[in-house]
Amino acid sequence: MKQITIDPITRLEGHGKIEIFLDDEGDVENVYFQVPELRGFEKFCEGRPVEELSQIVTKICGVCPGCHHMASGKAADAVYGVEPPPTARKLRELFYMAHFIHSHIAHFYALAAPDFVVGPTAKPEERNILGVVKKVGKEIGTEVIKQRRIAQEIQALLGGHQTHVVMNIPGGVRKGLSEIERVDILGKAHRFIEFARFTLKLFNNEILANKVYLDLILNGPYSLKLHSMGLVDENNKVNFYDGKVRVVDTLGNEHCKYSPNDYMDYVEERVEPWSYLKFPYLKKIGWHGFKEGQDSGVYHATPLSRLNAADGMTTPEAQKEYERMYSVFGGKPVHATMAMHWARLIELLYASERCFELAEDPDITGSELRASVGKPIGEGVGIVEAQRGTLTHHYWTNEKGIVTKANIIVGTTNNNAAICMSLKKAAQGLIKKGEVVSDGILNMIEMAFRAYDPCFSCATHHLPGTMPLILNIRDKEGNKINTLKRD
Amino acid sequence: MEKKENGQKPKLKLAVYWGAACGGCCVSVLDVHESLFAVTEKADFVFWPIALDIKYNDIKAMPDGYIDVTLFNGAVRNSENEYMAKLLRDKTKILVAYGSCAHMGGIPGLANFFNKDEIFNRVYLTSETTFNPEQTMPQTEYEVTEGKLHIPVFFDDVKPLNHVVCVDYYLPGCPPKTERLVEVFMAIATGAQLPSKNSVIGARDKAQCDECDRKKTENKKINKILRPFEIVDDGETCFLEQGIICMGPATRSGCGNRCIKGNAPCRGCYGPPPDITDPGAKMMSALGTMIDSNDPIAIKEIVEDIADPAGTFYRFSLPGSILRRKIL
């Protein structure tokens with residue numbers, strides 16, 4: 001048996017590794033996606049005052065700190081049994097839309113677009129954001145950076161710190177919005193909407209109109225039948241900040257819909273000895289291995305799963321795009337991994353429209369920023385949709401509000417098993433016995449992984465970017481018989 | 001830096017690498033936004049996992065001292081972090097501990113209140129959603145049916161970068177403010193005189209309080225310590241004077257008081273001010289001068305109101321402090 005090691009996958013937060021085992025014939029026997037890192041936040045949150053956690057857990061991820069800040073802030077509200085006043089709640093959501101906009105823009109242009117706009121088997125040195133800029137023009141490239149910057153600036157305005165936001169306090173937020181600032185955000189939101197429209201048009205013209213790419217999306221080795229998870233409002237519409245978690249099965253039927261407090265009845269995690277990252281699955285179905293299908297407990301929590309799990313979008317233009325996507329696929333749910341990119345752009349439009357709606361809301365400049373806080377109840381759960389999946393924070397405290405236990409299920413963690421399986425399926429579809437494993441093949445294996453926009457892959461969001469790879473082909477004794485490098 | 005034949009300075013060779021980090025330090029580099037193109041005119045990134053297609057083997061193949069500047073962010077949490085720190089030390093002329101984690105251990109350093117077994121037990125055994133009847137734990141080497149799989153060794157301690165290699169400069173902050181990075185970059189790129197080795201760069205030589213806009217009273221005394229949610233912050237008065245623990249007196253300035261401008265008290269990510277080695281000790285002495293009592297019992301009562309003093313005073317600095325870790 002041959003062993004192919006892809007190490008390091010450097011665009012991970014920390015480090016990642018893919019091991020591909022080939023059988024004696026040269027076909028793919030198995031694939032392991034390993035996360036070799038742990039920091040142990042669940043443990044060292046113990047002993048901290050619960051109101052401090054929203055500023056500690058942002059350090060789980062410097063790319064999506066706002067998600068942890070929001071889930072943590074909501075969990076701390078719950079610990080004290082308080083609901084923020086409407087202004088505070090809306091300010092949080094406004095911040096959160098800017099957070100989604102910055103992340104989704106960066107992911108699409110820096111990570112996804114190179115594979116499609118430049119091409120999946122283009123030269124590696126061109127397959128990055130600079131290659132995209134070369135293809136679409138510097139004007140558009142500059143606009144991409146500018147729109148992401150503006151989204152970052154809105155976050156800094158509302159959240160204090162440009163990266164590790166300090167907005168939340170139990171019962172509300174620390175800072176309000178002035179009328180001048182509101183008008184400024186309204187103008188920016190208008191341009192976000194225009195930019196999201198433009199991006200969807202680009203996706204349409206450069207990707208969907210290209211038969212090769214459309215075929216890759218619809219029929220490539222990138223399809224997995226998984227259950228879909230996502231947060232929905234009272235009308236089962238997509239919501240990033242608040243609501244209930246809904247899971248639809250592989251056929252599109254509701255598997256469950258739970259309130260944040262009940263998450264433990266629905267999600268369970270498995271430990272594998274070869275990775276530091278756990279593998280969540282649907283508890284009521286149970287773990288039946290790395291298998292797809294209706295009987296498997298494996299689900300995904302991605303932009304696509306959010307759209308699958310919901311009945312639509314609350315904003316008009318995003319709703320139209322939602323309908324268009326499902327009409328192209330001929331119904332719901334969609335299991336094409338590459339459609340995650342499309343869903344992400346529909347979410348970009350939704351976040352932009354929602355940003356505009358919130359900036360128009362008269363409550364947003366209100367002065368009531370905090371509800372008064374009494375004694376802690378002692379336990380609280382906060383759930384939001386992170387860009388990369390449903391994010392759950394659960395804290396227990398003593399009578400002084402000091403954390404005694406914490407449990408955290410991070411967005412990307414939901415997708416750990418799904419990513420392993422997507423990589424295996426792509427490798428099996430692309431590596432054929434007797435054929436040379438080319439750089440193009442390596443990249444197309446990576447594309448399976450990239451669609452998830454995994455949170456441990458910070459690079460996904462930024463300039464420039466192809467995933468560096470070393471591929472060692474070893475014989476049974478572990479002797480290196482060939483090395484393929486992508487430079 | 002060698003000179004090119006035509007007399008032009010060659011471009012700087014920069015590397016950015018992460019140990020146990022969140023990625024926020026890399027984001028701070030990327031937050032130069034539109035100026036990124038100007039930076040790449042003066043410097044080539046020769047290694048930057050977040051962005052570039054350069055691999056460990058390429059680093060190994062470089063001659064010693066090949067890289068002009070490495071910004072190493074993240075703490076040393078496992079064997080891979082340590083290995084890369086040593087490798088990059090050999091290959092780099094100026095090694096910068098970039099950000100709070102590399103500087104003093106940072107937030108991941110709070111894990112030094114515990115040890116490896118406690119962390120593993122919580123994460124892999126007792127967590128409420130974990131179902132692990134066979135008590136499986138991650139193994140550094142594990143044999144699957146198809147072959148062997150490896151993951152790095154998780155250390156008992158989190159270490160700042162200078163516990164494993166010699167560091168030339170420290171650029172603090174969680175993450176460092178992008179403007180400070182640009183100042184340091186320009187200084188290096190233009191060949192300006194750098195401060196003596198082993199010093200902090202990219203920060204100011206004052207304490208946070210010296211740059212804070214909030215109103216302070218001379219010799220203000222406090223008789224009660226409060227939690228941030230227990231007061232209605234007026235947005236103008238010094239947090240300490242309102243009874244809220246703020247690490248301003250024990251923290252170096254340079255961040256632009258960003259958290260304080262967001263109406264949140266400082267938590268010390270820039271590390272201690274010049275001439276102070278231990279931020280916790282400095283904070284305790286600052287509080288000592290503010291407490292409005294000479295009665296040991298009353299003082300004890302006031303001080304006992306501080307929720308999680310160790311985790312607050314050493315929020316970003318436990319591994320690099322005189323305490324280093326909790327004795328277990």
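The shown structure was predicted, so the numbers you read here are calculated from the model rather than taken from an experiment. (Residues numbered from 1 in each chain as written. Chains lettered and ligands numbered in written order. Predicted model: local features only at pLDDT ≥ 70, side-chain atom pairs only at ≥ 80, totals over all residues.)

1. Quick look at the overall build of chain B
Let me state the cut-off plainly: Strands are runs of DSSP state E lasting at least 2 residues, helices are runs of H or I lasting at least 4, and numbering of each runs from the N terminus. Burial in this document is a count-based property: other C-beta atoms within 10 Å of a residue's C-beta are tallied, and the residue is buried at 20 or more, exposed at 12 or fewer, or partly exposed in between, with C-beta positions derived from the backbone. Here the contact rule is simple: place C-beta atoms from the backbone, and any two residues whose C-beta atoms are within 7 Å are in contact.
Helix and strand counts for chain B stand at 12 helices and 10 strands. For chain B, the spread of C-alpha atoms along the principal axes amounts to about 70 × 60 × 30 Å. Out of the 328 residues in chain B, the part that is buried amounts to 48%. Looking at chain B alone, contacts between residues at least 24 apart form 73% of all its contacts between residues at least 6 apart.

2. Topic: the overall build of chain A
Of the regular secondary structure elements, chain A holds 13 helices and 16 strands. Sorting the 487 residues of chain A into buried and exposed places 64% on the buried side. Within chain A, contacts between residues separated by at least 24 positions form 70% of all contacts whose residues are at least 6 apart in sequence.

3. With respect to the confidence of the model for chain B
Residues and elements named next belong to chain B. Convention followed: Within a predicted model, pLDDT stands for the predictor's per-residue confidence, ranging from 0 to 100.
In the predicted model, chain B carries a mean pLDDT of 91, and the fraction of residues at 70 or more is 95%. Counted against residues more than four places away or in other chains, residues 1-5, with its pLDDT under 50, gives five contacts. For this predicted complex, the interface score ipTM comes out at 0.94, while the overall pTM is 0.93.

4. Some details on the sheet that holds strand S11 (residues 299-300) of chain A
Strand pairing within a sheet occurs via backbone hydrogen bonds; the two strands may be parallel or antiparallel. Residues and elements named next belong to chain A. Quick note on the threshold: One requirement defines pairing of two strands: DSSP has to find at least two bridges between them.
Overall, mixed pairing links the four strands, which are arranged S8-S7-S6-S11 in an open sheet. Either end of the sheet is taken by a strand with one partner, and the two such strands are strand S8 (254-258) and S11. In terms of strand pairing, strand S6 (residues 227-232) meets strand S7 (residues 244-248) through five bridges, oriented antiparallel. Paired with leucine 231 across the strands is valine 245, a residue of S7.

5. Examining the nonpolar core
In globular proteins that are soluble, nonpolar side chains generally tend to be buried together. Keep this limit in mind: Working definition: the nonpolar core is a set of buried Ala, Val, Leu, Ile, Met, Phe, Trp, Tyr and Cys residues, joined through C-beta atoms within 7 Å.
Ile101(A), Ile346(A), Cys355(A), Leu423(A) and Phe72(B) are the most contacted members of the largest nonpolar core, which totals 239 residues. For Phe72(B), the contacting residues outside a window of four places in its chain are Tyr17(B), Gly19(B), Ala85(B), Leu88(B), Leu95(B), Val96(B), Ala97(B), Tyr98(B), Ala102(B) and Leu161(B).

6. Comments concerning the interface of chain B and chain A
Heads up, the condition is: Under this grouping Gly is polar, as are all residues other than the nonpolar Ala, Val, Leu, Ile, Met, Phe, Trp, Tyr, Cys and Pro and the charged Asp, Glu, Lys and Arg.
At the interface, 69 residues of chain B touch 82 residues of chain A. Counting residues per element, the side of chain B that touches chain A draws most heavily on helix H1 (residues 24-30) of chain B, which supplies six residues. Here the residues of the side of chain B that touches chain A sort into 38 nonpolar, 16 polar and 15 charged.

7. Concerning the domain arrangement of chain B
Residue and element names in this part refer to chain B. Quick reminder of the rule: Note that the domain bounds reflect an automated or database-derived domain assignment.
Considered domain by domain, chain B is made up of domain 1 (12-108 + 158-200), domain 2 (112-155) and domain 3 (208-313). One C-alpha centre belongs to domain 1, the other to domain 2, and the line joining them spans 30 Å. Contacts between domain 1 and domain 2 engage five residues on the former and five residues on the latter. Contributing elements (two or more residues each) for the side of domain 1 that touches domain 2: strand S4 (76-78) and helix H4 (79-91). Along the lines of polarity and charge, the residues of the side of domain 1 that touches domain 2 split into one nonpolar, two polar and two charged.

8. Details of unusual backbone geometry
A cis amide bond links Lys332(A) to the next residue, Pro333(A), at an omega of -10°. If you trace the backbone, Pro333(A) turns up in the loop between helix H10 (316-329) and helix H11 (339-360). Residue Pro175(B) is bonded to the preceding Cys174(B) through a cis peptide linkage, with omega at -15°.

9. Overview of the environment of Phe192(A)
Residues and elements named next belong to chain A. For phenylalanine 192, the location among the structural elements is in helix H7 (residues 179-208). Residue class for phenylalanine 192 comes out buried when judged on the 27 C-beta atoms lying within 10 Å of it. For the pair formed by phenylalanine 192 and arginine 149, sequence separation is 43 residues and the distance between their alpha carbons is 11 Å. With residues up to four places along the chain from it excluded, the contact list for phenylalanine 192 reads Ile101, Gln147, Ser352 and Cys355.

10. Describing the pairing of strand S2 (residues 17-22) of chain A
For a regular strand, the rule is simple: side chains alternate between the two faces of the sheet. Residues and elements named next belong to chain A. Burial of S2 is extensive: six of the six residues sit out of reach of the surface. Both faces of S2 are covered, namely the face carrying Lys17, Glu19 and Phe21 and the face carrying Ile18, Ile20 and Leu22. Here six bridges tie S2 to strand S3 (residues 28-34), and the two strands are oriented antiparallel to one another. Among the inter-strand pairings, isoleucine 20 is bridged to a residue of S3, identified as valine 31.

11. Some words on the sheet that holds strand S14 (residues 403-409) of chain A
Residues and elements named next belong to chain A. Rule in force here: With axes taken as lines fitted to C-alpha atoms, and helix axes fitted only over the stretch in contact, angles between N-to-C directions fall between 0 and 180 degrees.
Strand order in the open sheet made by the three strands is S12-S13-S14, with antiparallel pairing throughout. The open sheet is flanked by strand S12 (379-386) and S14, the only strands paired with a single partner. Across the sheet, the axes of successive neighbouring strands diverge by a mean angle of 15°, strand direction being ignored. Here eight bridges tie S12 to strand S13 (residues 389-397), and the two strands are oriented antiparallel to one another.

12. Quick notes on the pairing of strand S10 (residues 279-282) of chain A
Residue and element names in this part refer to chain A. Alternating positions in S10 separate into two faces, Phe279 and Tyr281 on one and Pro280 and Leu282 on the other, with burial throughout. Across four bridges, the pairing between strand S9 (residues 267-270) and S10 is antiparallel. Residue pairing across strands places glutamate 269 opposite proline 280, the latter belonging to S10.

13. A word on the packing of H10(A) against H11(A)
Residue and element names in this part refer to chain A. Put simply, the rule is: Each angle is binned into one of four classes, with values under 35 degrees roughly parallel, values over 145 roughly antiparallel, values of 65 to 115 roughly perpendicular, and all other values oblique. Working rule for handedness: look at the near helix, and if it is turned counterclockwise from the far one by less than a right angle, call the crossing left-handed; if clockwise, right-handed.
Interhelical geometry of H10 versus H11 gives an angle of 165° and a closest axis separation of 8 Å. The angle between the axes of H10 and H11 places the two elements in the roughly antiparallel class. Of the two possible hands of crossing, H10 and H11 adopt the one that is left-handed. Together, Glu317, Ala318, Glu321, Tyr322, Met325 and Phe329 of H10 and Ala339, Trp342, Ile346, Leu349, Tyr350 and Glu353 of H11 make up the contact between the two elements. By residue class, the composition of the contact of H10 with H11 is nine nonpolar, no polar and three charged.

14. Examining the environment of Leu12(B)
Mapping Leu12(B) onto the fold places it in strand S1 (residues 12-18). Residue classification places Leu12(B) among the partly exposed residues on the basis of 19 C-beta atoms within 10 Å.

15. Some details on the environment of Tyr299(A)
All names here are of chain A. Looking at where tyrosine 299 falls in the secondary structure, it is placed in strand S11. The class of tyrosine 299 is buried, set by 29 C-beta atoms lying within 10 Å. Along the backbone, tyrosine 299 and aspartate 249 are 50 residues apart, and their C-alpha atoms lie at a distance of 8.4 Å. Ignoring any residue separated from it by four or fewer positions in sequence, one finds tyrosine 299 in contact with Leu226, His227, Ser228, Met229, Val247, Leu282 and Asn414.

16. Quick look at the packing of helix H6 (residues 138-159) of chain A against H7(A)
Residue and element names in this part refer to chain A. At a minimum axis distance of 11 Å, the contact between H6 and H7 shows a crossing angle of 145°. Pair H6 / H7 crosses with left-handed handedness. Residues Glu143, Gln147, Ile150, Ile154 and Leu157 of H6 lie in contact with H7, whose contacting residues are Glu181, Ile185, Lys188, Phe192 and Phe195. By residue class, the composition of the contact of H6 with H7 is six nonpolar, one polar and three charged.

17. Considering helix H3 (residues 65-80) of chain A
Every α-helix carries 3.6 residues per turn, so stepping three or four residues along brings you back to the same face. All names here are of chain A. Convention followed: A helix is expected to span 1.5 Å for every residue after the first.
The end-to-end C-alpha distance of H3 is 23 Å, a good match for the 22 Å that 16 residues give at a rise of 1.5 Å each. For H3, the buried fraction is high: 16 of the 16 residues fall into the buried class. Looking one or two residues beyond H3, the residue adopting positive phi is glycine 81, at roughly 65°.

18. What about helix H8 (residues 211-219) of chain A?
Residues and elements named next belong to chain A. We apply this condition: Picture the helix axis, draw a direction to every C-beta atom, and the arc is the one those directions span.
Within H8, the full set of buried residues consists of Tyr213, Leu216 and Ile217. End-on view of H8: buried residues confined to an arc of 95°, all on one side of the axis. Away from its buried face by more than 90 degrees, H8 exposes Lys211, Val212, Asp215 and Asn219. In this structure, the buried residues of H8 make contact with helix H4 (86-118), H7 and H11.

19. Let's talk about the confidence of the model for chain A
In regions of low pLDDT, the predicted coordinates are not meant to be interpreted in detail. Residue and element names in this part refer to chain A. Looking at chain A, pLDDT values average 88 and 90% of them are 70 or higher. Overall, residues 457-475 carries pLDDT values under 50, and its contacts beyond four positions in sequence, including any with other chains, amount to 88 contacts. With pLDDT under 50 throughout, residues 483-487 is counted as low confidence; its partners more than four residues away or in other chains account for 14 contacts.

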